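# Fold and contact review
Chain residues, written in single-letter form:
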Amino acid sequence: DGEKQCSKRTQAAAVKTQKLLGRAAGAKGGDTDALAQLISHFLPVIKAKSGRYSLVGLEQDDFIQEGLIGLFNAVKNYDPARGASFDTYARRCIH
């Protein structure tokens, strides 16, 4: 039963990876729905990272804006041939 659980998690991760990759490709091609889905997916990550900086008195909205710019840059510059998943690349771009 443990093997089945592991297999299901692996399959779910692969599906998630493919969906993100498809959305990134769509957003890069101008699909605004795909971009909206990416923003929705990564906004909690952006907010979590920005929350760390608001503790030192900096504006959280400014950091959220910077995180969104990082996500847009990830969409624009992502190259799957370089070996990283879109999720990994986007998280690095979101500072």
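These numbers were taken from a predicted model, which means no experiment stands behind them. Sequence order as written defines residue numbering, which begins from 1 separately in each chain. With pLDDT at 70 or above as the cut-off, local features in this predicted model cover only qualifying residues; side-chain atom pairs require 80 or more to be listed or tallied, and sums for whole chains, interfaces and linings still use all residues. To obtain the side-chain values, all non-hydrogen atoms of the structure were used and water was disregarded.

### Thoughts on helix 4 (residues 86–93)
- Each residue's exposure class comes from its accessible area (1.4 Å probe, protein chains only) as a fraction of the maximum for that residue type: buried when under 20%, exposed when over 50%, partly exposed otherwise. For the purposes of this entry, the term helix denotes a DSSP run of H or I that reaches at least four residues, the term strand denotes a run of E that reaches at least two, and both are numbered from the N terminus. Looking at helix 4, one finds that the buried residues are Phe-86, Asp-87, Ala-90 and Cys-93. Along the axis of helix 4, the buried positions cluster into a sector of 130°, meaning they face one direction only.
- Following helix 4 by one or two positions, His-95 has its phi on the positive side, about 45°. Note: the arc covers the axis-to-C-beta directions of the helix.

### Thoughts on the environment of Phe-72
- Locating Phe-72 in the fold gives a position in helix 3 (residues 60–77).
- Residue Phe-72 is classed as partly exposed on the basis of its relative accessible area of 37%.
- Between the alpha carbons of Phe-72 and Cys-93 there is a distance of 8.9 Å; along the sequence they are 21 residues apart.

### So, the pattern of salt bridges
- Any Lys or Arg side-chain nitrogen found within 4 Å of a carboxyl oxygen on Asp or Glu counts as a salt bridge. As enumerated under the stated definition, the model contains 1 salt bridge in all.
- The partner of Asp-87 in a salt bridge is Arg-91, with the nearest N and O atoms 3.0 Å apart. Here the residue Asp-87 and the residue Arg-91 both occupy positions in helix 4, the gap between them amounting to 4 residues, near one helical turn.

### Points about the side chain of Lys-49
- By the element assignment, Lys-49 lies in helix 2 (residues 32–54).
- Residue contacts follow a heavy-atom distance rule, with two residues in contact if any of their heavy atoms lie within 4.5 Å. With residues up to four places along the chain from it excluded, the contact list for Lys-49 reads Arg-91, Ile-94 and His-95.

### Let's talk about the side chain of Asp-87
- Of the residues examined, Asp-87 reaches a relative accessible area of 18% and is grouped as buried.
- Among the polar contacts listed, one links the side chain of Asp-87 to the side chain of Arg-91, at a separation of 3.0 Å. Counting of polar contacts relies on pairs of N or O atoms within 3.5 Å, with two restrictions inside protein: one atom must be capable of donating a hydrogen and the other of accepting it, and residues adjacent in sequence are counted only when both atoms are side-chain atoms.

### Quick word on the environment of Leu-21
- Position of Leu-21 among the secondary structure elements: in helix 1 (residues 2–28).
- Taking C-alpha positions, Leu-21 is 6.0 Å from Phe-86, a pair spaced 65 residues apart along the chain.

### Notes on the packing of helix 3 against helix 4
- Put simply, helix 3 and helix 4 touch, their axes get as near as 8 Å, and they point 140° apart. Classified by the interaxial angle, the pair formed by helix 3 and helix 4 is oblique. Here the hand of the crossing between helix 3 and helix 4 comes out right-handed. Here Gly-70, Leu-71, Ala-74, Val-75 and Asn-77 of helix 3 lie close against helix 4, whose contacting residues are Phe-86, Tyr-89, Ala-90 and Cys-93.
- For this scheme, ten residues count as nonpolar: Ala, Val, Leu, Ile, Met, Phe, Trp, Tyr, Cys and Pro. Four count as charged, namely Asp, Glu, Lys and Arg, and the remainder, Gly too, count as polar. Looking at the contact of helix 3 with helix 4 residue by residue, the class counts come to 7 nonpolar, 2 polar and no charged. Axis lines are fitted through C-alpha atoms, for helices just across the contact stretch, and the angle between N-to-C directions can take any value from 0 to 180 degrees. Any angle that falls under 35 degrees is termed roughly parallel, while one over 145 is termed roughly antiparallel, one within 65 to 115 roughly perpendicular, and all others oblique. Crossings are classed by handedness, with left-handed meaning an anticlockwise turn of the near helix from the far one by less than a right angle and right-handed meaning a clockwise turn.

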